[in-house]
Amino acid sequence: MLRYLTAGESHGKAMVAIVDGFPAGVSIDSAAIDGELKRRQGGYGRGGRQRIESDQVQVLSGLWRGVTIGSPIALLIENKDYKIDRMDDLDRPRPGHGDLAGAIKHLGSIRGVLERASARETVARVAVGALAKQLLQPLGITCFGYVVQVGPVAIPPTPGTIDQQLQLRSQSVIYSLDPSKDAEVQTLIDSVGKQGDTLGGIVEVQVHGVPFGLGSHTQWDRKLDGRLARAVMSVQAIKGVEIGLGFQVASRRGSQVHDPIQFDPSQIDRPNLGFVRPSNNAGGLEAGMSNSQPIVVRAAKKPISTLAKPLPSVNLGTLQPQQASYERSDICAVAAASCIVENVVAFEIARAIVEKFGGDSLDEIQARWELFHRLARQKLKLSAALGSTNKTD
Ligand SMILES: Cc1cc2nc3c(=O)[nH]c(=O)nc-3n(C[C@H](O)[C@H](O)[C@H](O)COP(=O)(O)O)c2cc1C
């Protein structure tokens, strides 16, 4: 089983992750991981912390001559802003942060909670996802995320090939697929920031090249839609997750939601085995399994909870009403969230690949990938030859 844990406080020495169950034989490019870490630090609306950090991963174990050996992989990213022991506690919990619930839960300090609740932790998750992408890449699976809304401003993705969309994203200061909206979004973020307030938004992730059958319909905790939703919802400040059409399915008729099934024999050699869908409202997932169409996940991020113009709170020392504490903060981190959610999704896909195709090495996964597709093609041709008309419920 592919899994990971992270450790580290926001202003501690470092953020770390241990990735267990990663197959052997994958060449690891740590510069590619650093590229993802850099993207996480960017995007219009970030606070002063990002000017201090220049995140770089150290791969401490699990490689021999740059290639994975099947051992646990330890990743470390130093915090340049290491000062935790010189920092004071907060006495006025910030609404929307973990301050109140965590301090009471642990009968402890707000500092002890916020240092771990902080989204600085996502630096480790991005590093893990960027590692997972290096397992997906040789299988032809691509995963990328972008921003589709900032506050009230919708930024529908410009259609195009993956390369065209990545190109557009790289031109946008907010990591959207329509850089012509940047100026409007920047003005919004600036004006909200001047008012001491913050903004959220919506991010979307697409995964292309996914085979049939990742996840399972057989048990609740094996369903890939549920696993993706859990992983994405666990990202700091994410409050809603949609797959495909998401909440829109509720107001449409079945005929306007479900994606017709067509067969194009010229595509039988692709992971879709020739099955094409003129729409992808299911977002690539049916009954908890991937259906070979692109997986599409959207996530709603709430506005940052630390406000320069703080909300009412209570001083935990005096129990008297007082404004919440303020610490240096982002105004809008939706761009960063698009990178984080992308990498969290990439890890879940890699986990499902290892589960479906098994094996201790990339070679074994690739061999089983080939075998599965060969057997599926054989079965389809057999069914066609037999004129199969199986009835199902
Ligand atoms: C990329 C990113 C950056 C964030 N930056 C901040 C920040 O600067 N200040 C803050 O108060 N919250 C920030 N947050 C949100 C908090 O980490 C989060 O709201 C808090 O941990 C409470 O968890 P919850 O929102 O999931 O309930 C950020 C979240 C993300 C995804």
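In this numbering scheme, every chain counts its residues from 1 along its sequence in written order. For this predicted model, a pLDDT threshold of at least 70 governs which residues receive local features, and a threshold of 80 or more governs which side-chain atom pairs are given and counted, while totals over whole chains, interfaces and linings are taken from all residues. In computing side-chain properties, one takes all heavy atoms of the structure into account and sets aside hydrogens as well as water.

**Let's talk about the packing of aromatic side chains**
Two rings from Phe, Tyr or Trp (for Trp, the six-membered ring) form a pair when their centres sit within 6.5 Å of each other. Planes less than 30 degrees apart are called stacked, planes more than 60 degrees apart edge-to-face, and all others tilted. For the structure on display, the rule yields six aromatic pairs. Ring plane angle 80° and centroid distance 4.7 Å describe the contact between Tyr-4 and Phe-347, whose orientation is recorded as edge-to-face. Taken together, the positions of Tyr-4 in strand S1 (residues 3–7) and Phe-347 in helix H10 (residues 334–357) put the pair 343 residues apart, joining distant regions of the chain. When accessible area is computed with a 1.4 Å probe and restricted to protein chains, residues below 20% of their type maximum are described as buried, those above 50% as exposed, and intermediate ones as partly exposed. Its relative accessible area of 22% is what places Tyr-4 among the partly exposed residues. Their ring planes at 40° and their centres at 5.4 Å tell us that Phe-357 and Trp-369 sit as a pair that is tilted. With Phe-357 in helix H10 and Trp-369 in helix H11 (residues 362–386), this residue pair connects regions lying 12 residues apart in the sequence. For the purposes of this entry, the term helix denotes a DSSP run of H or I that reaches at least four residues, the term strand denotes a run of E that reaches at least two, and both are numbered from the N terminus.

**Brief notes about H10**
For a helix, the expected span equals 1.5 Å multiplied by the number of residues minus one. Between its terminal C-alpha atoms H10 stretches 34 Å, which fits the 34 Å expected from 24 residues at 1.5 Å a residue. H10 sits mainly inside the fold: 22 of its 24 residues count as buried. Residue Gly-358 follows H10 closely and has a positive phi angle near 60°.

**Some remarks on the pairing of S1**
Along a regular strand, successive side chains alternate from one face of the sheet to the other. In the sheet, S1 pairs with strand S2 (residues 14–20) via five bridges, with the strands oriented antiparallel. Looking at the pairing, Thr-6 lines up with Ala-17 of S2. Strand pairing is assigned whenever DSSP detects at least two bridges linking the two strands. Between S1 and S2, which pair antiparallel one after the other, the connecting turn spans six residues, and Gly-8 there sits at a positive phi close to 130°.

So far we have only geometry, and geometry alone does not tell us how the molecule works.
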